[in-house]
Amino acid sequence: MPKNKKTTNKSKVIIPIAVFALLFLGIGVGMGYFKKNLYTVMKVPDFELTDQNSKKVTNKDMLGKVYLVEFFFSKCPTICPVMNTNMKAIQNQINDPNFGIISISIDPENDTPEALKEHAQRIGAKSPNWHFLTGDRTYIGKLADQFNIYVGDKEDEGESLNHSGMIALVDQEGNIRCRYNKENMPILYYSGLNYGDPEGKTPMLTGKYHPDREILIEDIKKLLK
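Before going into details, it helps to say that this report is about the structure given with it. From a predicted model like this one, the values you see are computed outputs, not experimental measurements.

## A few points about the environment of leucine 161
Okay, so step 1: Assignment of secondary structure puts leucine 161 in the loop between α4 (137–147) and β7 (166–170).
Okay, so step 2: Under the relative-accessibility criterion, leucine 161 is labelled partly exposed at 35%.
Okay, so step 3: For the pair leucine 161 and serine 105, spaced 56 residues apart in sequence, the C-alpha to C-alpha distance is 9.7 Å.
Okay, so step 4: Setting aside its immediate chain neighbours within four residues, leucine 161 contacts Phe73, Ile106 and Asp107.

This is how it looks when you write it as structure tokens:
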């Protein structure tokens, strides 16, 4: 009888240990899942605009490619040059015919196809899949809303050329994708800005850190595999 009681007590100790071991194993597997897999945000909105070569470009033309989408304008003196520099760095790092970039101007009055072609050459956009797009401003504003990326109201003189520095990552099937943060929540969009700190908490035009550029390169490579 004492022997059986000892065995029973030992089992009571082993079972909780086994439960905790399985729990930690599950957490480890879950963390690995979030690191390796990308969240599907939504389908990319339909778009049809004109690029720097005066050619129509649509979301259907981009099917089969992994690509980035940003809103900018060529005469922007603040965040756009930073975003362009980060895009160029990604272009050079990826260097894959199945990768592209869509840069949509929110100042089509000045950003004609000719002006955008000069801008592309000036900043070193070499990829044939980097399209600088222009078109009707009202259409572009509605398109930004569909992307859920902020662009100022065309009718508001003080806000019309304001815009977000966020970037959408789109996969080969036309889905907007993103990674999970440390709390396992989808980040939805990536930042095209520079920062004064490696954690990406303090935006700074002259900042030497660009953490989202690095993770974008990682996630683009995941989708290209």
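## Digging into the pattern of salt bridges
One side chain can pair with another of opposite charge once the charged atoms of both are near each other.
Okay, so step 1: Using the criterion set out here, one finds 5 salt bridges in the structure.
Okay, so step 2: Of the charged contacts in the structure, one is a salt bridge between aspartate 171 and arginine 177, with a shortest N-O distance of 2.9 Å.
Okay, so step 3: With relative accessibility at 2%, the residue aspartate 171 sits in the buried group.
Okay, so step 4: Judged by relative accessible area, which is 16%, arginine 177 ranks as buried.
Okay, so step 5: Of the charged contacts in the structure, one is a salt bridge between lysine 222 and aspartate 219, with a shortest N-O distance of 3.4 Å. Separated by 3 residues within a single helix, lysine 222 and aspartate 219 lie in helix α5 (residues 211–224), roughly one turn from each other.
Okay, so step 6: One salt-bridge network, held together by shared partners, links Arg179, Glu218, Asp219 and Lys222.

## As for the pairing of β7
Okay, so step 1: For β7, the buried fraction is high: 4 of the 5 residues fall into the buried class.
Okay, so step 2: Across 3 bridges, strand β4 (residues 66–72) lies against β7 in antiparallel orientation. Across the sheet, valine 69 pairs through a bridge with alanine 168, a residue of β7.
Okay, so step 3: For β7 and strand β9 (residues 190–191), the ladder comprises 2 bridges, and the chain directions are antiparallel. Residue pairing for β9: isoleucine 167 is matched across the bridge by tyrosine 190.
Okay, so step 4: Pairing of β7 with strand β8 (residues 175–178), which is carried by 2 bridges, proceeds in the antiparallel orientation. Looking at the pairing, valine 170 lines up with isoleucine 176 of β8.
Okay, so step 5: Taking the residues that link successive antiparallel strands as the turn, the β7-β8 hairpin has 4 residues, and the phi of glycine 174 there is positive, at about 85 degrees.

Calculation rules
Residues numbered from 1 in each chain as written. Predicted model: local features only at pLDDT ≥ 70, side-chain atom pairs only at ≥ 80, totals over all residues. Heavy atoms only, no water. Helix = DSSP H or I, 4+ residues; strand = E, 2+ residues; numbered from the N terminus. Buried < 20%, exposed > 50% of the residue type's maximum accessible area, 1.4 Å probe, protein only. Contact = heavy atoms within 4.5 Å. Salt bridge = Lys/Arg side-chain N within 4 Å of Asp/Glu carboxyl O. Pairing = 2+ DSSP bridges.

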